[in-house]
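For reference, the chains in residue letters:
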Amino acid sequence: MILGGFNNKEVVVDLTNGLVDYKTINEEEAKKFIGGRGLGVKYVLDNGPKVEPFSEENMLCIMTGPVTGSRSSMSGRLCVVTKSPLTGTVTDSHIGGWTAARLKWAGIDNIIFKGKSDKPVYLYIHEGKAELQDAADVWGKSTRETIKLMKDKYGEEDLSVLTIGQAGENRVRFAGFMNEHDRAAGRGGTGAVAGYKKLKAIVIKAAQKGNMPEPKLKDDYKNANTKAVKAILAGGLTAPNKGGLSVYGTNVLTNLINEVGALPTKNSQFTHWDEAEKHSGEYVNQHLRISNNACHACPVACKIEVEVKDGKYKTRVESFEFESAWSLGANCLVSDAEAISYLIDRCNEYGLDTIELGHAFSVTMEAYEKGIIDQKLNWGDADSMIDLTRKIVFREGFGGILAEGPARAAASWGVPELSMSVKGQSIPAYDPRGIQGIGLGYATSNRGACHLRGYTVASEIAGIPEPTDRLKPEGKGELLKVFQDMLAFSDSLDICKFSSFSESAEHYAEQYSAMTGIPMTAEEVMKAGERIYNLERYYNNLAGFNKPENDFLPKRFTEEPATGNSAGAVSRMDIMLEEYYQVRGWKDGVVPEEKLLELGIRNPPSNQPIL
């Protein structure tokens, strides 16, 4: 393989037969789909888009990109790709820390899990070799218990553990992976897929010294990396110890989004809440924060570690994130930052998606308030939320209903409209009435409602790379496509999305070119991102998501007006979706043959049908 940045080694694990094999990476596919998210989606597409998520046929891919584990800033990202048990779409979920870097330093690019084990197992990786080990002693343990036992067994130095908790074991449809630094690959239910396969953990022992990926063009890479670092250091959000992300973490957004009237409150019945300041980044920074922590090669250090020193919510937990604080906070009318800290801690311990869990609570609260269900759960009742979390994880009683996900729960009660979800995945912390573009992004995201597929908030709120009117629907189709394509590339590189607040497509192109030795322009970065986004859409089309009504928002956003400083606004999907399809070149949400051929996704003859 001539591409720099790759070890050219993938581990293929046949869980059914307990076999481990190795294979090289198809170079042409790596050039076309970059790595990480893009290459992982290609693998699951080739595996078949109609497989059942909970089946031996479903594939679970652990992916890195060509700059992962290198000197490139923010290059510590790992991507988990599979078919989601929550949505039925393709999904990818990313995790920071050092797991991805250590996988690369161990001489391995990707891990492909197939089949299903008949007993709990974990994969141990050391010095370029992978071995399946019996996980009987950690099955049933929490994520942190598992990590501690692995550290005791293999030594803490140079060790990373990627594991599921009891939520994944019990196939809670929004279970994720956690690692040793409370980082999460949270969305889409990837942990539930691992639980079905009886895969408890991936344990990696690898040192940085002598193992960091070397660029093909060293002088060019040094220059490209220097330019990228300068951009990050000068960024208004990313500047170390100065930018909002560095000082307050992602929770810097709470007061800002609330002020503009775009903070979904009480299951999105309102878009502003006077109490939200009590779980804001500013409040947490003053009252609970004890440190700011970083991932591999990251100068920003956006991870906020908090401590509640005493009382019933006593805890110490990293990753007091905006989305988590909002979903468990304003979304449920909980203003107590200490209670929210403890709920986040429970999610990390069990291996749960904080966003989806908050929606499980809020949809229950609204259904109970309206007399639809008898299960009592009042707004703001943090203690009952904590108790219900355990019941969800272990599928006890009513918790078993919510373990299927908020969208399925609401549908089972006959009120699907109470679930603020798209394709079965619940919305994040930006109300689509107060920020028009992000609503279109939720609707057209390839993994269900998601802000990270196309973060138009950067433009609509922060003015990056240039400001747009957040309440104006016109032009949002084109704006969203740019963000979706750009971030599809960065997810495949695989580099932290926060780099895009300071870096441009040109920065990415220069780093990719120097690392791999393959020349790439900024325009080609965007074309590669477009290819990857259309690849995902093609997968979903084949999986049955092939009608415009699949790209919808709940009626609450299109019919019930916003409050606060967005008062009166509703989401104008009627304007934006048509424009978006035109910009994409799709026909009623389906990628047409000419687009597949243009982007090189399909080269006839093909074993994949054209819709």
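All figures in this text were calculated on a predicted structure; none of them were measured in a lab.

Thresholds applied
Residues numbered from 1 in each chain as written. Predicted model: local features only at pLDDT ≥ 70, side-chain atom pairs only at ≥ 80, totals over all residues. Heavy atoms only, no water. Helix = DSSP H or I, 4+ residues; strand = E, 2+ residues; numbered from the N terminus. Buried < 20%, exposed > 50% of the residue type's maximum accessible area, 1.4 Å probe, protein only. Axes fitted to C-alpha atoms, helices over the stretch in contact; angles between N-to-C directions. Parallel < 35°, antiparallel > 145°, perpendicular 65-115°, else oblique. Left-handed = near helix turned anticlockwise from the far one by under 90°. Contact = heavy atoms within 4.5 Å. Nonpolar A, V, L, I, M, F, W, Y, C, P; charged D, E, K, R; others polar. Salt bridge = Lys/Arg side-chain N within 4 Å of Asp/Glu carboxyl O. Expected span 1.5 Å × (residues − 1).

**Observations regarding unusual backbone geometry**
In this structure, proline 465 follows isoleucine 464 across a cis peptide bond, with omega equal to -5°. With respect to the helices, strands and loops of the structure, proline 465 is situated in the loop between helix 18 (457-460) and helix 19 (476-493). A cis amide bond links leucine 493 to the next residue, aspartate 494, at an omega of -15°. Within the secondary structure, aspartate 494 sits in the loop between helix 19 and helix 20 (505-516). For serine 319, which is not glycine, the phi dihedral falls at a positive 75°. When you line up the elements, serine 319 lands in the loop between strand 15 (315-318) and helix 11 (322-328). Not every positive phi belongs to a glycine, and arginine 395 is a case in point at roughly 55°. Mapped onto the fold, arginine 395 is located in the loop between helix 14 (382-393) and helix 15 (398-402). Judged by its relative accessible area of 30%, arginine 395 is partly exposed.

**Points about the packing of helix 19 against helix 23 (residues 573-584)**
Put simply, helix 19 and helix 23 touch, their axes get as near as 8 Å, and they point 55° apart. The orientation of helix 19 with respect to helix 23, classified from their angle, is oblique. The handedness of the crossing between helix 19 and helix 23 is right-handed. Taken together, the residues of helix 23 that come into contact with helix 19 (itself represented by Lys476, Gly477, Glu478, Leu480, Lys481, Gln484 and Asp485) are Met576, Glu579, Tyr580, Val583 and Arg584. Split by residue class, the contact of helix 19 with helix 23 holds four nonpolar, two polar and six charged.

**Describing the pattern of salt bridges**
Pairing between side chains of opposite charge can happen when the charged atoms of each approach one another. Scanning the entire structure with this criterion turns up 51 salt bridges. Note that lysine 31 and glutamate 28 form a salt bridge whose closest N and O atoms lie 3.5 Å from each other. In this pair, lysine 31 and glutamate 28 are both assigned in helix 1 (residues 27-33), three residues apart and thus about one turn of the helix distant. Here lysine 31 falls in the partly exposed class, since its relative accessible area comes to 28%. Exposure remark for glutamate 28: the relative accessible area of 51% places this residue in the exposed category. One salt bridge connects arginine 395 with glutamate 404, and the closest N-O pair in it is separated by 2.9 Å. On the basis of relative accessible area, glutamate 404 is assigned to the partly exposed category, the value being 23%. Within the structure, one salt-bridge network assembled from shared partners comprises Lys481, Asp485, Lys527, Glu530, Arg584, Lys595 and Glu598.

**Brief notes about helix 20**
For helix 20, built from twelve residues, the straight-helix expectation of 16 Å at 1.5 Å per residue is met to within 8% by its first-to-last C-alpha distance of 16 Å. Counting buried residues in helix 20 gives ten out of twelve residues, a clear majority hidden from the surface. Within the span of helix 20, buried status applies to Ala505, His507, Tyr508, Ala509, Gln511, Tyr512, Ser513, Ala514, Met515 and Thr516. Packed against the buried residues of helix 20 are helix 1, helix 7 (218-234), helix 19 and helix 21 (522-542). Following helix 20 by one or two positions, glycine 517 has its phi on the positive side, about 85°.

No statement about biological role is implied by the geometric values presented.
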